[in-house]
Every structure is written in C-alpha cells, then in structure tokens.
Amino acid sequence: MTKYAIGIIGGTGNMGQWFNSFFTEAGHKVLISGRQTAITTENIAETCDIVIISTPTDAAIRICKIIGPLLSENQLLMDFCSLKERIVDKMAESTRAAVIGTHPMFGPDTESIKGRNVVICPVKNSRWIDWLENLLSSKGAEVTRMDPAVHDRNMAVVQGLTHLLTICMGKTLQKLNMTPNLVNSCSTPIFKLNMDLLGRLFSQDLDLYSNLIGKNAYMKDALEIFSNALNEGEECLLYGSNGEKRSYLEEIREFLGDFCQTGFIESNKALNIIYPNKKPDPKG
Ligand SMILES: NC(=O)c1ccc[n+]([C@@H]2O[C@H](COP(=O)([O-])OP(=O)(O)OC[C@H]3O[C@@H](n4cnc5c(N)ncnc54)[C@H](OP(=O)(O)O)[C@@H]3O)[C@@H](O)[C@H]2O)c1
C-alpha cells in the first residue's frame, strides 16, 4: 500500500489526535498543526499529499481560503466538520486539489472505527475516493457517500434535534428543580440512561453542541415538523379518545415496521450491559 504524508490542521484537537493515531497506525506519516505549533498550516499545505482540516467550521472556512490556492491537483483536501454544505463548497472553490468532505459519525472517545459510520461527500472525483473508502472500510468503518445538502438535512435530526431534546430535558428538570440526586431513587433504567446522556452532553464542549443546532440551515424545518408532532401528540394522547390514541400510536408503529423488534432487542442488550444487575423494565 502506498504510504502518504497526511497533514492534519487542527491536529492538536480531539478529532485531530484521534485521526493522527488512526493514520499513523495505518502506516502513513502524519504531521499536525495547531495555532501554537511550530509546524504551520502553510507547512502542511506545502509538504503533505493529503491535507485535512479538523477545526470548527468557521475556522475551517478561513483556513481553506488560505491553503486552497497553495495546493496542486495531485493533492487531496479534506475536512472533518460536522456540517458539510458550506465547508465543501468553500473547499471546492478555493483549490485545484481533489476535495472530499468527510464526517466521522463518532466522537474522540471511540476506541475503534470498527462498525462506526463515516459519511463522505466527494466533490471532485479522483483516485483518492477509492483510496479513502478502502482505507476506512479495511479498518471496519461503514462508509457512505452522500450529497452535502442531504447530509446536513439528515444531521438536523440525527444531531440537531436529538441534542436539542436532551438540552430541553435539562431545562425542564431545572425549571422543576428536579436535581439528579432527587430523581435517582425513582429512576427507571430508561430514564437513568437519558440522565446519563444529559450529563454526557453537559460535560462536553458546549459550543460544539450549540453549533450543531444553531448553524444547521435545515434545523428550522426539522423543528417546525417536530413542533407539529409535539402538538399532535399532546392533542391526541392527552385529550383524544382511546381509539384515537391507539390509532395514533399504531400509525407510527406501522411506519417503523420491523425496526421496532430490532430496537427492543438491541436496547435490552445495551441496558443489560450498562446496568447489569437490573432487569430492564419494558414500560421504563
Ligand atoms: N468532537 C466530536 O465528537 C466530533 C465528531 C465529528 C466531527 N467533529 C468535527 O471535527 C472538528 C474538530 O472537532 P474537535 O472535537 O476535534 O475540536 P477541538 O478538540 O476543539 O479541536 C479543535 C482544533 O482546531 C484548532 N482551532 C480551533 N480554533 C481555531 C482557529 N480559530 N483557527 C485555527 N485553528 C483552530 C485547535 O487548535 P489549537 O491547538 O490552536 O487550539 C484544535 O486543534 C469540528 O469541525 C467538529 O465539528 C467533531
């Protein structure tokens, strides 16, 4: 396998460090830069076959405007930003190099890429796409090619809405003055899992979450649909007849199909591992 020089701008950060190890273990030579490192962004652009920007999106856009013109058509420019449409457009217009937007769908605490999703947005077709897909797949990643706008629309639900719901649960507990200690003694396994996810979010970089929600252009649409669903759910489940309640829930179950059973089995497995001494309560 050809060994490449891979430069990670933002390589001092969490994802940069993770991929530094990943590419190094795969036998490539990795250079990293941060704002305080001796190796500069320009050094990376001038010396590496593959240049990856792993910084917050606004910085990534500024950086690609600087390094894009320094790159040749033989090089590959990539990024790890969590939203793809803006950065991929800016990378493509900044350079003659091949461009592949990449979103690793996991965080830096992940032990292995095995079984993890990676979305790639190839912009300029080149030999690099096969190289990247083969490398990631050979280590067990599930790689999917996706249009940047489709990716961002999906992320409005997968990340934006999911994190917003967690944040609003935190706000609700705060308004009710239900502290984690107070609710612990009456938690079901499912609620405890939700509490752990709540703690997990608020233990991390709050700007990251705020950007995943606030900077996604598709969030407004997703929220409007969610808000309608919330109103419908309230209307039906609080004030509807028993028949209306049942058909409302059955319609959703029909939409989800076989996944309901899969989800039941998988969530039981997870709960039994996380809370080994407690039998999950099916009503939890
Ligand atoms: N964390 C995740 O779970 C995750 C998952 C998938 C994708 N991502 C994406 O990956 C990217 C990096 O995330 P991260 O979690 O690794 O963030 P991070 O740990 O905060 O690291 C950010 C990196 O960017 C550099 N940086 C920050 N602001 C900069 C600026 N204004 N100009 C130049 N460099 C700057 C930092 O360098 P210094 O050494 O100078 O501070 C650092 O190396 C983000 O776009 C994020 O959305 C994150």
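Residues numbered from 1 in each chain as written. Predicted model: local features only at pLDDT ≥ 70, side-chain atom pairs only at ≥ 80, totals over all residues. Heavy atoms only, no water.

**Student:** So what's going on with the packing of aromatic side chains? Residues and values would help.
**Tutor:** In this structure the tally under the stated criterion is 11 aromatic pairs. Of the aromatic side chains, those joined through ring pairs into one cluster are Trp18, Phe19, Phe22, Phe23, Phe80 and Phe106. Between the NZ or CZ atom of Arg127 and the centre of the ring of Trp128, over which it lies, the distance is 4.4 Å. (Phe/Tyr/Trp six-rings, centres within 6.5 Å; stacked < 30°, edge-to-face > 60°. Lys NZ or Arg CZ within 6 Å of the ring centre and 35° of its normal.)

**Student:** Just give me the short version of a nonpolar patch on the surface, but keep the residues and values in it.
**Tutor:** On the surface, a cluster of nonpolar side chains totalling about 870 Å² of accessible area is made up of Leu237, Leu238, Tyr239, Leu249, Ile252, Phe255, Leu256 and Phe259. The set of elements that each furnish at least two residues to the nonpolar patch consists of α10 (219-239) and α11 (242-256). By residue number, the principal contributor to the nonpolar patch is α11, which donates 4 residues. Looking at the secondary structure, you find Tyr239 in helix α10. Residue classification places Tyr239 among the exposed residues on the basis of a relative accessible area of 56%. (Patch = residues over 30% accessible without salt bridge, like charges linked within 9 Å, V, L, I, M, F, W, Y side chains within 5 Å. Areas by Shrake-Rupley, 256 points an atom, 1.4 Å probe, with all protein chains shown as cover. Salt bridge = Lys/Arg side-chain N within 4 Å of Asp/Glu carboxyl O. Helix = DSSP H or I, 4+ residues; strand = E, 2+ residues; numbered from the N terminus. Buried < 20%, exposed > 50% of the residue type's maximum accessible area, 1.4 Å probe, protein only.)

**Student:** I'd like a description of the pattern of salt bridges, backed by residues and values.
**Tutor:** On inspection of all chains with the given rule, the structure shows 9 salt bridges. With a closest N to O distance of 3.3 Å, Asp58 and Arg86 form a salt bridge. Of the two residues, Asp58 sits in helix α3 (residues 57-67) while Arg86 sits in helix α4 (residues 85-94), which places them 28 residues apart along the sequence. For Asp58, a relative accessible area of 32% translates into the label partly exposed. Judged by relative accessible area, Arg86 falls into the partly exposed class, the value being 43%. Ionic contacts of the salt-bridge type, sharing partners, join the residues Asp58, Arg86 and Lys215 into one network.

**Student:** So what's going on with the pairing of strand β1 (residues 5-9)? Which residues, and what values?
**Tutor:** Within β1, 5 of the 5 residues are buried, leaving the element largely enclosed by the surrounding structure. Where burial is concerned, the two faces of β1 agree: the one with Ala5, Gly7 and Ile9 and the one with Ile6 and Ile8 are both buried. In terms of strand pairing, β1 meets strand β2 (residues 29-33) through 5 bridges, oriented parallel. Following the sheet pairing, Ile8 is matched in β2 by Ile32. The parallel pair β1 and β2, bridged by helix α1 (residues 14-25), forms a crossover whose chirality is right-handed. (Pairing = 2+ DSSP bridges. Right-handed = clockwise from strand over helix to strand, strands pointing away.)

**Student:** Help me get a handle on the domain arrangement of the protein chain, residues and values and all.
**Tutor:** If you check the domain split of the protein chain, you get domain 1 (5-146) and domain 2 (150-274). Taken over C-alpha atoms, the centre of domain 1 sits 31 Å from the centre of domain 2. At the interface, 9 residues of domain 1 touch 11 residues of domain 2. Carbon and sulfur atoms make up 58% of the surface buried where domain 1 meets domain 2, a total of about 950 Å² over both sides. When the buried area of domain 1 at its contact with domain 2 is split by residue, Leu83, Glu85 and Met146 rank highest and sum to 49% of it. In this structure, the connection of domain 1 to domain 2 is made through 1 salt bridge. As a salt-bridge pair, Lys215 and Asp58 come within 2.7 Å of each other at their nearest N and O atoms. For the pair domain 1 and domain 2, the interface holds 5 residue pairs in polar contact (both at pLDDT 80 or more). Of the residues contributing to the side of domain 1 that touches domain 2, the split by class is 4 nonpolar, 2 polar and 3 charged. (Domains from an automatic or database assignment. Contact = heavy atoms within 4.5 Å. Buried area = accessible area lost by both parts, 1.4 Å probe. Polar contact = N/O pair within 3.5 Å; in protein donor to acceptor, adjacent residues only side chain to side chain. Nonpolar A, V, L, I, M, F, W, Y, C, P; charged D, E, K, R; others polar.)

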